[in-house]
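Per-entry structural report
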Amino acid sequence: MARIIIADDDELVGEMARDALIAAGHGAGLVSNGADALKIIKARRPDLVILDCNMPELSGVLLVQELRKSVEYADLPVMMLTGRRSERDEELARFAGANDYMKKPFDPDELVFRVEELLAAQR
């Protein structure tokens, strides 16, 4: 069981992702902005983070850049789950430090599969 933080300002999408991960046996929490996600990550490091690119206060791209500046979080797996669909958006997210990039709308089963692949790569 992995501990996963999901940051998405779309409550319905965030709940769908959280519920799929919990059904797969993981512990998952949901916050609605990047600033809250950063506070939680620093308070108790999760095993993986899922971020939306566009969020209030701190975007997912800026949050992953912030995490990658720190030795403590440089290896924390980060998946972007976003409505941004262009190749350029994906390139920017990966350049910022995202390990994976998944576009909305998404298949919950594919989300779980890709999360578990990221977790396995960390072991």
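Attention in this report is confined to the structure presented alongside it. (Residues numbered from 1 in each chain as written. Predicted model: local features only at pLDDT ≥ 70, side-chain atom pairs only at ≥ 80, totals over all residues. Heavy atoms only, no water.)

1. Brief notes about the overall build of the protein chain
Within the protein chain, the secondary structure is distributed over 5 helices and 5 strands. Listing the helices and strands of the protein chain from first to last along the sequence gives β-α-β-α-β-α-β-α-β-α. Against the globule reference of 14 Å for 123 residues, the protein chain gives a C-alpha radius of gyration of 13 Å, in line with a compact fold. Reported as C-alpha extents along the three principal axes, the dimensions of the protein chain are approximately 30 × 30 × 25 Å. Counting every position in the protein chain, which comprises 123 residues, the buried fraction comes to 48%. (Helix = DSSP H or I, 4+ residues; strand = E, 2+ residues; numbered from the N terminus. Rg over C-alpha atoms; globule rule 2.2 N^0.38 Å. Buried < 20%, exposed > 50% of the residue type's maximum accessible area, 1.4 Å probe, protein only.)

2. Side note on the pattern of salt bridges
Applying the stated criterion across every chain, the model contains 12 salt bridges. For D19, the salt bridge identified is with R18, shortest N-O distance 3.4 Å. Residue D19 is classed as partly exposed on the basis of its relative accessible area, which comes to 42%. In this structure, D36 and K39 form a salt bridge, with 4.0 Å as the shortest nitrogen-oxygen distance. Of this pair, D36 and K39 both sit in helix α2 (residues 34-43), separated by 3 residues, roughly a single helical turn. (Salt bridge = Lys/Arg side-chain N within 4 Å of Asp/Glu carboxyl O.)

3. Observations regarding helix α3 (residues 60-68)
Residues spaced three or four apart along an α-helix face the same direction, because each turn holds 3.6 residues. Looking only at α3, the buried set comprises G60, V61, L63, V64 and L67. The buried side chains of α3 occupy one side of the element, clustering within an arc of 160 degrees when seen end-on. Those residues of α3 hidden inside the fold are in contact with α2, β3 (48-51), β4 (78-82) and α4 (87-96). (Arc of directions from axis to C-beta. Contact = heavy atoms within 4.5 Å.)

4. Looking at the pairing of β4
The buried fraction of β4 amounts to 5 of the 5 residues, a majority that puts the element mostly inside the structure. Residues V78, M80 and T82 of β4 are buried on one face, and the alternating residues M79 and L81, pointing to the opposite face, are buried as well. Note that β3 and β4 share 3 bridges and pair parallel. In the sheet register, I50 faces β4, and the bridge partner there is M79. Chirality of the crossover, the property in question, places the unit of β3, α3 and β4 among those that are right-handed. Of the strand pairs in this sheet, β4 and strand β5 (residues 100-103) are connected by 4 bridges, and their pairing is parallel. (Pairing = 2+ DSSP bridges. Right-handed = clockwise from strand over helix to strand, strands pointing away.)

By themselves these figures say nothing about function.
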